[in-house]
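Here's the letter readout for the chains.
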Amino acid sequence: MQQMTTTAMLAVLILLSGTFKIPSPIAGGEFQLSAPIAVLICALFGFKRYIIAGILASTLGMMLGVHTIFSVIIQMSFRVVTGAVMALFGTNLLTVIISGPLGTLFARIVMWQITGVSWLALTAAAAPGMVFTAVAAGALYKPAKQLLHKVVLSKQN
């Protein structure tokens, strides 16, 4: 029951953080706060819980009308690559830093295949968000890991 509740809470966190957008210096390139949060969720809770929470978040977003099929394709492409990087190479500071930008790059390549819009143009628009994701996830990884460890220890006492 506790795992189900935690996964549901993580799904809502992903969904809500995705509604906050940070403007970009490149027109149309605003990015969501959910990317670094998603990377941290994968790093701290593992791929299985992360992907389930992500699927729940996308499903809720579609049900609420805040996501389109294109946004869900982008989200799921991002999630699979982000999770795969950590699953294949372990969870450490380097994989936390690079997994988000690699997920974003892959999602742009997928959208290029679907829409025909140049992957370079799509990636250029996403570049500020990729940098933000790498920096934010990298900077928050150790403090978030320590906080989660403290919470788990306090629950055991």
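Please read these numbers as outputs of a predicted model, since none were measured by experiment. (Residues numbered from 1 in each chain as written. Predicted model: local features only at pLDDT ≥ 70, side-chain atom pairs only at ≥ 80, totals over all residues. Heavy atoms only, no water.)

J.: An account of the overall build of the protein is needed here, citing residue identities and associated values.
T.: In terms of regular secondary structure, the protein is built from six helices and two strands. Tracing the protein from N to C terminus, the helices and strands come up as α-β-β-α-α-α-α-α. Here the protein has a C-alpha radius of gyration of 15 Å; the compact-globule value for 157 residues is 15 Å, and the two agree. C-alpha atoms of the protein, sized along the principal axes, occupy 55 × 35 × 30 Å. Residue burial in the protein is summarised as follows: out of 157 residues, 40% are buried. Long-range pairs, those at least 24 residues apart, make up 65% of the contacts in the protein between residues at least 6 apart in sequence. Surface exposure of the protein reaches about 8800 Å², of which carbon and sulfur atoms provide 75%. (Helix = DSSP H or I, 4+ residues; strand = E, 2+ residues; numbered from the N terminus. Rg over C-alpha atoms; globule rule 2.2 N^0.38 Å. Buried < 20%, exposed > 50% of the residue type's maximum accessible area, 1.4 Å probe, protein only. Contact = heavy atoms within 4.5 Å. Areas by Shrake-Rupley, 256 points an atom, 1.4 Å probe, with all protein chains shown as cover.)

J.: Describe in detail the layout of surface pockets, supporting the description with residues and values.
T.: The computed volume of the second largest pocket comes to approximately 590 Å³. Lining the second largest pocket we find 24 residues, and of these T6, M9, L10, F45 and L148 sit closest to its centre. Elements with a contribution of two residues or more to the lining of the second largest pocket: α1 (2–17), α2 (34–45) and α6 (119–156). Broken down by element, the lining of the second largest pocket gets its largest block of residues, ten residues, from α6. Classifying every residue of the lining of the second largest pocket by side-chain character gives 18 nonpolar, four polar and two charged. (1 Å grid on protein atoms, 1.4 Å probe; cavity = no way out; pocket = protein on both sides within 12 Å on 5 of 7 lines; lining within 4 Å. Points joined across faces, edges and corners; volume = space filled by probe spheres on them. Nonpolar A, V, L, I, M, F, W, Y, C, P; charged D, E, K, R; others polar.)

J.: Can you tell me about the packing of helix α3 (residues 47–64) against helix α4 (residues 69–89), naming the residues and giving the values?
T.: Close contact between α3 and α4 brings their axes to 10 Å; oriented N to C, the two are set at 175°. The angle between α3 and α4 places the two elements in the roughly antiparallel class. Between α3 and α4, the residues in contact are F47, Y50, I51, G54, I55, A57, S58 and M62 and I69, V72, Q75, M76, F78, R79, V80, T82, G83 and A84, respectively. Here the residues of the contact of α3 with α4 sort into twelve nonpolar, five polar and one charged. (Axes fitted to C-alpha atoms, helices over the stretch in contact; angles between N-to-C directions. Parallel < 35°, antiparallel > 145°, perpendicular 65-115°, else oblique.)

J.: So, α1: which residues are in play, and what are the values?
T.: For α1, which comprises 16 residues, the first-to-last C-alpha distance of 22 Å matches the rise-based estimate of 22 Å (1.5 Å per residue) to within 8%. Within α1, burial applies to T6, T7, L10, A11, I14, L15 and S17. (Expected span 1.5 Å × (residues − 1).)

J.: An account of the nonpolar core is needed here, citing residue identities and associated values.
T.: Residues V39, Y50, F78, M86 and V96 are the most contacted members of the largest nonpolar core, which totals 19 residues. Elements that contribute at least two residues to this core include exactly α1, α2, α3, α4 and α6. Of the residues forming this core, the biggest block, seven residues, is contributed by α2. With sequence-adjacent residues up to four places away left out, M86 is seen in contact with V39, C42, A43, T91, T95, V96 and S99. (Core = buried A, V, L, I, M, F, W, Y, C linked by side-chain atoms within 4.5 Å.)

By themselves, these observations are geometric and do not establish any function.
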